[in-house]
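# Fold and contact review
So you can see what is in the structure, the chains are spelled out below.
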Amino acid sequence: MKCGFCGYLFEEREGISGCAHCPAKCGRGMLKCPRCNYENPPEPAWLMQLVSFWEKKTAKLVNNS
């Protein structure tokens, strides 16, 4: 995941739950950046699949050269 404020790349498991202490309990699942504490919305599943697909394709291209 990439922080929308500082650009830091981090794994979702490294993020701090932004909704842990929120009284609204709306289920948005916001994650705070471990570097700057900015609340980021969760990445959509389709985007994560696209990134995974692209990483596999580029890895094959690099290995074949």
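To be clear, the structure that these remarks concern was listed above.
Throughout what follows, the structure given in this document is the object of discussion. Please read these numbers as outputs of a predicted model, since none were measured by experiment.

## A word on the nonpolar core
Within the largest apolar cluster, five residues are counted, these being Met-1, Cys-3, Phe-10, Leu-31 and Cys-33. Not counting chain neighbours up to four residues away, the residues in contact with Cys-33 comprise Cys-3, Cys-6, Tyr-8, Phe-10, Ile-16, Tyr-38 and Asn-40.

## Considering the sheet that holds strand S3 (residues 39-40)
Spatial ordering of the open sheet is given by S1-S2-S3, a layout of three strands whose pairing is antiparallel. Strands with a single pairing partner mark the edges of an open sheet, and in this sheet they are strand S1 (16-17) and S3. The sheet contact formed by S1 and strand S2 (residues 31-32) spans two bridges and is antiparallel. Pairing of Ser-17 across the sheet is with Leu-31, part of S2.

## A look at unusual backbone geometry
Located in the positive-phi region is Asn-37, a residue other than glycine, with phi close to 75°. Relative to the assigned elements, Asn-37 resides in the loop between S2 and S3.

## Observations concerning the environment of Pro-34
Note on placement: Pro-34 falls in the loop between S2 and S3. Residue class for Pro-34 comes out partly exposed when judged on its relative accessible area of 38%. When the C-alpha positions of Pro-34 and Glu-14 are compared, they lie 6.8 Å apart, and in sequence the two are 20 residues distant.

Rules used throughout
- Residues numbered from 1 in each chain as written.
- Predicted model: local features only at pLDDT ≥ 70, side-chain atom pairs only at ≥ 80, totals over all residues.
- Heavy atoms only, no water.
- Core = buried A, V, L, I, M, F, W, Y, C linked by side-chain atoms within 4.5 Å.
- Buried < 20%, exposed > 50% of the residue type's maximum accessible area, 1.4 Å probe, protein only.
- Contact = heavy atoms within 4.5 Å.
- Pairing = 2+ DSSP bridges.
- Helix = DSSP H or I, 4+ residues; strand = E, 2+ residues; numbered from the N terminus.

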